[in-house]
Amino acid sequence: MGRVQDKIILLTGGAMGLGKACARRLAQEGARVLITDHNAEAGAATAAELGTNVDFLEQDVTDPARWNEVITHVEATYGRLDVLVNNAAVTVFGSIADVSYEDFRRCYTVDVDSIFLGCKAALPLMSKTGGSIINFSSAAAINASADLVAYNSAKAAIPMLTKSVALYCAREKNGIRVNAVLPGTIMTPNVRSVIDGTPNPAETEELFSLAQPIGHMGEPDDAAHLVVYLASNESKFATGAAFAVDGGLSI
Ligand SMILES: NC(=O)c1ccc[n+]([C@@H]2O[C@H](COP(=O)([O-])OP(=O)(O)OC[C@H]3O[C@@H](n4cnc5c(N)ncnc54)[C@H](O)[C@@H]3O)[C@@H](O)[C@H]2O)c1
């Protein structure tokens, strides 16, 4: 019996990185996982790699109409929705002087609006059974950088959005818990390519590692294990909380 046995889980941005690691761990713990991503090729390949308990659907999480279609598909295919993991996001680098308003808005639309849209679209279906919503924020919601003005501020909105939706669900007594996850720097293919794109990758990797008081970067499963806990009934008393998994970065 897995820790999330037979739960129906919708996870955005599952084609790669932390989303893929979460999908793998959730499926290993017995869940049926539908991953979505706007990268259809990578998403389909990931679902095929992860096995028969993982399905894929193309979705741009910034499209409100597509959210409704995805939820309709979930209900028609699986009959219910137990867990929603809002993982998809983009990182927009740059200072207040460098970032265009267009890129600033893009960061908010993908990182914040998508979570608003996902919660809004999923709540009616999830309310029928209760469940768990898990929103990916970041240690960057707490630790600011001069060169992350869009990402810092967008990710900071997520724990508060999470608290508000959690209180709404508690008031409605619909059995839905809502929590945020705040990872520190975790080595994914995209983080690898950011490091490799700097003038001195070895030095950058060392700096990234030392930024975490624990002295090293995280692995994707560090976040995935937390997501399994929040998706499972083990976390039944947790709602409205922000869970850091960051090697102490946000202390
Ligand atoms: N990796 C880290 O170090 C780290 C640290 C803190 C927080 N996070 C957060 O964890 C989550 C996952 O991070 P990651 O490093 O795996 O990211 P990633 O960039 O490797 O993967 C993000 C996924 O989201 C998808 N995506 C992007 N825009 C989309 C859109 N509009 N519609 C649908 N899918 C879209 C991408 O195709 C990709 O598969 C993000 O919310 C990120 O902000 C990551």
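Structure shown above.
Rules behind the numbers
Residues numbered from 1 in each chain as written. Predicted model: local features only at pLDDT ≥ 70, side-chain atom pairs only at ≥ 80, totals over all residues. Heavy atoms only, no water. Helix = DSSP H or I, 4+ residues; strand = E, 2+ residues; numbered from the N terminus. Rg over C-alpha atoms; globule rule 2.2 N^0.38 Å. Buried < 20%, exposed > 50% of the residue type's maximum accessible area, 1.4 Å probe, protein only. Areas by Shrake-Rupley, 256 points an atom, 1.4 Å probe, with all protein chains shown as cover. Lys, Arg positive; Asp, Glu negative; His and termini not counted. Charge placed at Lys NZ, Arg CZ, Asp CG, Glu CD. Near = heavy atom within 4 Å. Polar contact = N/O pair within 3.5 Å; in protein donor to acceptor, adjacent residues only side chain to side chain. 1 Å grid on protein atoms, 1.4 Å probe; cavity = no way out; pocket = protein on both sides within 12 Å on 5 of 7 lines; lining within 4 Å. Sits in = over half its atoms within 2 Å of the grid points. Nonpolar A, V, L, I, M, F, W, Y, C, P; charged D, E, K, R; others polar. Pairing = 2+ DSSP bridges. Axes fitted to C-alpha atoms, helices over the stretch in contact; angles between N-to-C directions. Parallel < 35°, antiparallel > 145°, perpendicular 65-115°, else oblique. Contact = heavy atoms within 4.5 Å. Right-handed = clockwise from strand over helix to strand, strands pointing away.

Trainee: Requested: an account of the overall build of the protein chain, with residues and values cited.
Mentor: Along the protein chain, the regular secondary structure elements total eight helices and seven strands. Relative to the globule expectation of 18 Å for 251 residues, the C-alpha radius of gyration of the protein chain, 17 Å, shows essentially globular dimensions. If you line up the protein chain on its principal axes, its C-alpha atoms span 50 × 35 × 35 Å. The buried share among the 251 residues of the protein chain stands at 51%. Carbon together with sulfur atoms contributes 56% to the accessible area of the protein chain, which is approximately 11600 Å² in total. In the protein chain, which carries 19 positive and 28 negative side-chain charges, the distance between the mean positions of the two groups comes to 11 Å.

Trainee: Break down the site of the ligand for me, citing the residues and quoting the values.
Mentor: The ligand sits among 26 residues. The nearest are Leu18, Asp37, Tyr151, Ile186 and Asn190. Interatomic distance of 3.1 Å between a side-chain N/O atom of Asp60 and a nitrogen atom of the ligand. Between the ligand and the protein, one listed contact pairs an oxygen atom with a backbone N or O atom of Gly184 at 3.4 Å. Surface burial for the ligand is 91%, taken as the share of its 830 Å² of free accessible area covered by protein chains. At a threshold of 2 Å from the grid points, most atoms of the ligand map onto the largest pocket. Counting only elements with at least two residues in the shell around the ligand, the list comes to helix H1 (17-28), helix H5 (149-172) and helix H6 (189-196). Grouping the amino acids of the shell around the ligand by side-chain chemistry returns 12 nonpolar, 11 polar and three charged.

Trainee: Describe in detail the pairing of strand S5 (residues 131-136), supporting the description with residues and values.
Mentor: Most of S5 sits inside the fold, with six of its six residues counted as buried. The alternating pattern of S5 places Gly131, Ile133 and Asn135 on one face and Ser132, Ile134 and Phe136 on the opposite face, and all of these are buried. Two elements, strand S4 (residues 83-86) and S5, share four bridges in a ladder whose sense is parallel. Directly across from Asn86, in S5, lies its bridge partner Asn135.

Trainee: Please give an account of the packing of H6 against helix H7 (residues 201-211) that cites residues and values.
Mentor: The relative placement of two packed helices comes down to the angle between their axes together with the axis-to-axis distance. Across the interface, H6 lies against H7 with an axial gap of 8 Å and an inter-helix angle of 125°. Taken as axis vectors, H6 and H7 run oblique relative to one another. Taken together, the residues of H7 that come into contact with H6 (itself represented by Val191, Arg192, Ile195 and Asp196) are Pro201, Thr204, Glu205 and Phe208. Taken together, the residues that form the contact of H6 with H7 break down as four nonpolar, one polar and three charged.

Trainee: Which residues make up the sheet that holds strand S3 (residues 54-58), and what are the values?
Mentor: As summarised here, the arrangement of the seven strands in space is S3-S2-S1-S4-S5-S6-S7, forming an open sheet in which the pairing is parallel. Single-partner strands in this sheet number two, and they are S3 and strand S7 (242-245). Neighbour to neighbour, the strand axes of the sheet diverge by 20° on average, direction disregarded. Sheet topology note: the S5/strand S6 (residues 176-183) ladder contains six bridges and is parallel. In the sheet register, Phe136 faces S6, and the bridge partner there is Val181. Contacts between helix H4 (residues 101-126) and the sheet are confined to S4, S5 and S6, with S4 contributing the most and set at about 175° to the helix.

Trainee: Just give me the short version of the environment of Tyr78, but keep the residues and values in it.
Mentor: Along the chain, Tyr78 falls in helix H3 (residues 64-78). On the accessibility criterion, Tyr78 (14% relative accessible area) is buried. Tyr78 sits 115 residues away from Ser193 along the chain, and the two C-alpha atoms are 37 Å apart. Residues within four places of Tyr78 in sequence aside, it is in contact with Ile8, Arg32, Leu34 and Asp55.

Trainee: So what about the pairing of S6? Which residues, and what values?
Mentor: In terms of burial, S6 is a largely internal element, eight of the eight residues being buried. Once the chain exits S5 it traverses H5 before rejoining the sheet at S6, and the crossover so formed is right-handed. Across four bridges, the pairing between S6 and S7 is parallel. Within S7, the position partnered with Val181 by the bridge is Phe243.

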